[in-house]
Amino acid sequence: MEECIIFRTRNWITGTNDFYAIAVPVDFGGHGSNNTDVLFLEPLFLEPVLKTTVPINSTFVAVGASLLCVGGFTNGNTLFEIYRLDAAREDSCAEMMLSPRVEPNVVVMDGKLYIMGCQSLDGIWGECFDPCCKKSSPLPLPPSDGLLNTVVAPLHSSKKILVAPVFPSAPQDVAFVYHVEDKVWEILDHKIDFSKVFVKGEAAVLRNSTTLCWINCNTRMVQAYDLVLRKWFISPIEGLDKVGTLVGEPTACSLFRLDDNHLCLLWEDYFGYSRYSPNSAHGLIHCTKVRVLISKGARGGSKKKRKKSKGARGESIFNAFVVSSQSYVLAPGATLVDGLAL
């Protein structure tokens, strides 16, 4: 199977939760946000590759070429199921977790699912599910209360998972690290204050597991924390306004890693495809490749831009800019939920 991006949608016309497949975004010969050939490619029409009734409030992950949806809520019940999607049969078969969960945090590492939080009050906080043997085992409890709602970051190079609370009763500046191989917890060697930024769920991790990135879907700003520099960065994505419509009410978006220096931003256009075809119910999705740079001092950009952003000499500067983008027109009634690279 070639590398691709899979994203899921909720279709308010058919009532199904549909999956689409697109190619991993390439540079299309462009080198940045000023290349009009990159930014104004004609939208492509897409049809779903899979229609399911798997709950949309599950957590969507990939293990190798397998797609799984973890947990969810339906008919008044929180679910134990892990749905393994089968595109050939256009249905799903379910495995079972130890505890029912709605939109848990799920990190995939070494072919296993580390499932954390968002379970019933009498359930197990975290568990490790092995898709090969279809068995789940409980994770040891972290050294803190209040981790029902968390942000997580897979640190693949060190076989660790960073976990931090985003719950009012929990300490907002303490993060923890789970050692996957040793199965032990430790407190991160420095404090990270998550209370000043809007972050949710799993981070897209860049630069050899040192830079953690999230997207604020309300503002389309990239929020990043560098574990080496021990510093927060918040930046707009240069050139994103030329790709699609940023004004209006917030719409869905999803951010994930492509490689050590690039992110993929899937985002839904506020006006949909109706700006090209009035009264159309077709949604419009942008798949945007974003380059992330952290540089010292005032390097890069025009003199005017350097003067505006440099601050103290030698200060680290975070930049995010569009490398390439492709837009896709979806089936009528489809709205974006999330996506990932496969």
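This text follows the structure it describes.
Residues numbered from 1 in each chain as written. Predicted model: local features only at pLDDT ≥ 70, side-chain atom pairs only at ≥ 80, totals over all residues. Heavy atoms only, no water.

A. Inspection of the sheet that holds strand E13 (residues 135–138) at higher detail. Spatially, E10-E11-E12-E13 is the arrangement adopted by the four strands of the open sheet, whose pairing is antiparallel. Edge positions in the sheet fall to strand E10 (105–109) and E13, since each has one partner strand and no second. Strand-to-strand twist across the sheet, computed as the mean angle between neighbouring axes with direction ignored, equals 25°. (Pairing = 2+ DSSP bridges. Helix = DSSP H or I, 4+ residues; strand = E, 2+ residues; numbered from the N terminus. Axes fitted to C-alpha atoms, helices over the stretch in contact; angles between N-to-C directions.)

B. Quick peek at the nonpolar core. Core analysis: the largest hydrophobic core is formed by 21 residues, its most contacted members being Cys213, Ile215, Val222, Ile237, Leu263, Leu265 and Phe318. Ignoring anything within four residues of it in the chain, the contact list for Phe318 reads Val222, Ala224, Phe233, Ser235, Val292, Leu293 and Ile294. In terms of nonpolar packing, the next biggest core, distinct from the first, is built from 18 residues, Ile192, Phe194, Val197 and Leu212 among them. (Core = buried A, V, L, I, M, F, W, Y, C linked by side-chain atoms within 4.5 Å. Buried < 20%, exposed > 50% of the residue type's maximum accessible area, 1.4 Å probe, protein only. Contact = heavy atoms within 4.5 Å.)

C. How the structure looks around the pairing of strand E26 (residues 282–296). Along E26, eleven of the 15 residues are buried, which leaves the element largely enclosed by surrounding structure. Bridge analysis of strand E25 (residues 262–268) against E26 gives seven bridges, and the strand direction is antiparallel. Residue Leu263 lies in a different strand from E26, and its bridge partner there is Val290. Alignment of E26 against strand E27 (residues 316–332), held across 14 bridges, turns out to be antiparallel. When the bridges of E27 are listed, Lys289 appears paired with Ser324.

D. Representation of the sheet that holds strand E2 (residues 17–23). If you trace the four strands from one edge of the open sheet to the other, you get E4-E2-E1-E28, paired in antiparallel fashion. The sheet is open, and its two borders are formed by strand E4 (50–52) and strand E28 (334–341), each paired with just one other strand. Shown here is a sheet whose adjacent strand axes are inclined to one another by a mean of 25°, direction ignored. Strand direction decides the pairing type here: E2 and E4, joined by three bridges, are antiparallel. Bridge assignment links Asp18 to a residue of E4, and that residue is Lys51.

E. Structural context of the pairing of strand E15 (residues 160–165). Across the six residues that make up E15, a large majority, five, are buried. Where strand E14 (residues 150–155) and E15 come together, six bridges link them in antiparallel fashion. Pairing of Thr150 across the sheet is with Pro165, part of E15. Here E14 hands over to E15 after four residues, with Lys159 in that stretch at a positive phi of 55°.

F. Quick look at the packing of aromatic side chains. All chains considered together, the criterion is met by ten aromatic pairs. Where Phe19 meets Phe60, the ring centres are 5.2 Å apart and the plane angle is 70°; that geometry is what we call edge-to-face. In this pair, Phe19 sits in strand E2 while Phe60 sits in strand E5 (residues 59–63), placing the two residues 41 residues apart along the sequence. Overall, the relative accessible area of 8% leaves Phe60 in the buried class. Judged by centre distance (5.8 Å) and plane angle (65°), the rings of Trp125 and Trp185 are edge-to-face. With Trp125 in the loop between strand E11 (112–116) and strand E12 (126–130) and Trp185 in strand E17 (residues 184–187), the pair connects residues that are 60 residues apart, well separated along the chain. The buried category is assigned to Trp185, whose relative accessible area is 14%. Grouping aromatic residues by their ring pairs yields a cluster made of Tyr114, Trp125, Tyr178 and Trp185. (Phe/Tyr/Trp six-rings, centres within 6.5 Å; stacked < 30°, edge-to-face > 60°.)

G. Structural detail: unusual backbone geometry. Located in the positive-phi region is Lys183, a residue other than glycine, with phi close to 60°. One non-glycine residue, Asn208, lies in positive phi territory at about 55°. Inspection of the secondary structure puts Asn208 in the loop between strand E19 (204–206) and strand E20 (211–216). Classification of Asn208 as exposed rests on a relative accessible area of 52%.

H. Representation of the side chain of Arg8 in the model. Mapped onto the elements, Arg8 comes out in strand E1 (residues 4–11). Only 2.8 Å separates the side chain of Arg8 from the backbone oxygen of Ser58, close enough to count as a polar contact. Side-chain polar atoms of Arg8 contact the side chain of Asp338, separated by 2.7 Å. Among residues more than four places away in sequence, those in contact with Arg8 are Asp18, Phe19, Pro55, Ile56, Ser58, Thr59, Phe60, Cys69, Thr335, Leu336, Val337 and Asp338. (Polar contact = N/O pair within 3.5 Å; in protein donor to acceptor, adjacent residues only side chain to side chain.)

Any functional reading would require information that these geometric values do not contain.
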